[in-house]
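Below are the chains, spelled out letter by letter.
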Amino acid sequence: MAKKHFGLMIIFVFVFCFSCSGFAANYKPEYKMSIIVGPTGPWGESAARFAEAVKKATGGKINIKPYYNGQLFAGKQTNEFLLMKQGVIDFALGSTINWSPTVKELNIFSLPFFFPGYKALDIVENGEVGKQIFKLIEQKGVVGLAWCENGFRDLTNNERNIKKPEDLKGLKIRVVSSPIFIDTFKAIGANPVSMNWGEALSAFQQGTVDGQENPVVSVTIPNKLWQVHKYITIWNYAIDPIILGVSKQVWNSFDQKDKDAIIKAAAETAKWQKKGAREGLEHSAAALDILRKNGMEVTVLTPVQIKTFKNMTKPVYDKWAKEIGIELVKAAEKDIQKAEKVK
Ligand code: X2X
């Protein structure tokens, strides 16, 4: 009798340990997380932060490893979404720009001069439009866990101070290989060159392109772009949200308790990350002072100067609003108007 009990106990202990270790649920020993930038700055730092939070919350069962500088998509940044869909990449902190060639609705964030500020962005992301977008990406194979942020994109170059469209004439500006960016820069008279971020940094050093556009806090500062570009124009012409997402195949393999833990970790990470991406830009201009201290000439465009650029890109807006879907763009416009009233 005692022997029988002992045997049952052994089986119980074995099953208990087996399920705790995650093997019972077929969990992978490592989940690969894709991130295009390096480990510094609010975008980069949030990857390690999220991985740590998930590890802790799941008792070490889910072990996420960030792969920085676009290692997982072997050069082509616009492939990130497809690789997630296929389950080659498990998690990502992916820019909506890089995913937009696969999910055309994500171009809504790249419509030139569409989002007037952070408040409008938050209302859109947290409202019906944001929900609709998460639904769309899920249909295509990626589950959105939280909205994070690269930031408003501003223009740096090494030729001259850009204040009006004529100043951009003929300048070679590196953009992501996403058609709306080519259209926008052509419309304002520049010469856009699409290039992966991995190659862009050396192109700036070699001077094979004259400029680029990226957010101040998440990209310009961590990459010390003042070493290659003397001028920056703050014009916030496009916003670049990041989606903290997971491949649907992988998501479906997790049990509910782990899913809940991941969702909580994602929300905490996103809150910290968004705050970091806006630091020194939203309530003060401290981030611009960092640029000035490092020798950059900073030009903040006035609303009137912005209007000139906005008018020139109206045909791009009209063309892409149709591509994205007029209904979705109209819904976002309503949210943006709401934000303007709260101001
Ligand atoms: O390639 C870029 O410019 C970057 C880093 O901002 C994106 O991933 C969209």
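For the structure, see preceding data.
So, how was this worked out
Residues numbered from 1 in each chain as written. Predicted model: local features only at pLDDT ≥ 70, side-chain atom pairs only at ≥ 80, totals over all residues. Heavy atoms only, no water. Salt bridge = Lys/Arg side-chain N within 4 Å of Asp/Glu carboxyl O. Helix = DSSP H or I, 4+ residues; strand = E, 2+ residues; numbered from the N terminus. Buried < 20%, exposed > 50% of the residue type's maximum accessible area, 1.4 Å probe, protein only. 1 Å grid on protein atoms, 1.4 Å probe; cavity = no way out; pocket = protein on both sides within 12 Å on 5 of 7 lines; lining within 4 Å. Points joined across faces, edges and corners; volume = space filled by probe spheres on them. Nonpolar A, V, L, I, M, F, W, Y, C, P; charged D, E, K, R; others polar. Arc of directions from axis to C-beta. Contact = heavy atoms within 4.5 Å.

S.K.: Would you mind going over the pattern of salt bridges with me for this structure?
M.R.: Side-chain pairs of opposite charge can arise whenever the charged atoms involved come near each other. What the rule picks out here adds up to 18 salt bridges. Among the ionic pairs, Asp-122 bridges to Lys-274, the shortest N-O distance being 2.9 Å. One end of the pair, Asp-122, is in helix 5 (residues 118-126); the other, Lys-274, is in helix 11 (residues 256-278), and 152 residues separate them in sequence. Overall, Asp-122 belongs to the partly exposed group, its relative accessible area being 22%. Assessed through its relative accessible area of 13%, Lys-274 is described here as buried. With a shortest N-O distance of 3.8 Å, Glu-268 and Lys-264 are connected by a salt bridge. One end of the pair, Glu-268, and the other, Lys-264, are both in helix 11, 4 residues apart, so they sit about a helical turn from each other. Taking the relative accessible area as the measure of exposure, Lys-264 reaches 56% and is therefore exposed. Linked by salt bridges that have partners in common, Asp-122, Glu-125, Glu-149, Lys-274 and Arg-278 make up one network.

S.K.: In this structure, what is going on with the layout of surface pockets? I would like to understand it.
M.R.: It is the rolling of a water-molecule-sized probe over the atoms that shows where space remains empty. Put simply, the largest pocket is a space of about 1,000 Å³. Along the walls of the largest pocket sit 36 residues, with Phe-115, Pro-116, Gly-117, Asn-236 and Ile-306 positioned nearest its centre. When contributions to the lining of the largest pocket are tallied by element, the ones reaching two or more residues are helix 5, strand 4 (142-157), strand 8 (231-247), helix 13 (303-312), helix 14 (314-324) and helix 15 (326-342). By residue class, the composition of the lining of the largest pocket is 20 nonpolar, 7 polar and 9 charged.

S.K.: Can you walk me through helix 12 (residues 286-293) in this structure?
M.R.: Ala-287, Leu-288 and Leu-291 are the residues of helix 12 that are buried. What you see down the axis of helix 12 is that its buried residues fit within an arc of 100 degrees, all on one side. Those residues of helix 12 that are buried are in contact with helix 9 (216-220), strand 8 and strand 9 (297-300). In the segment just after helix 12, Gly-295 is the residue with positive phi, at about 95 degrees.

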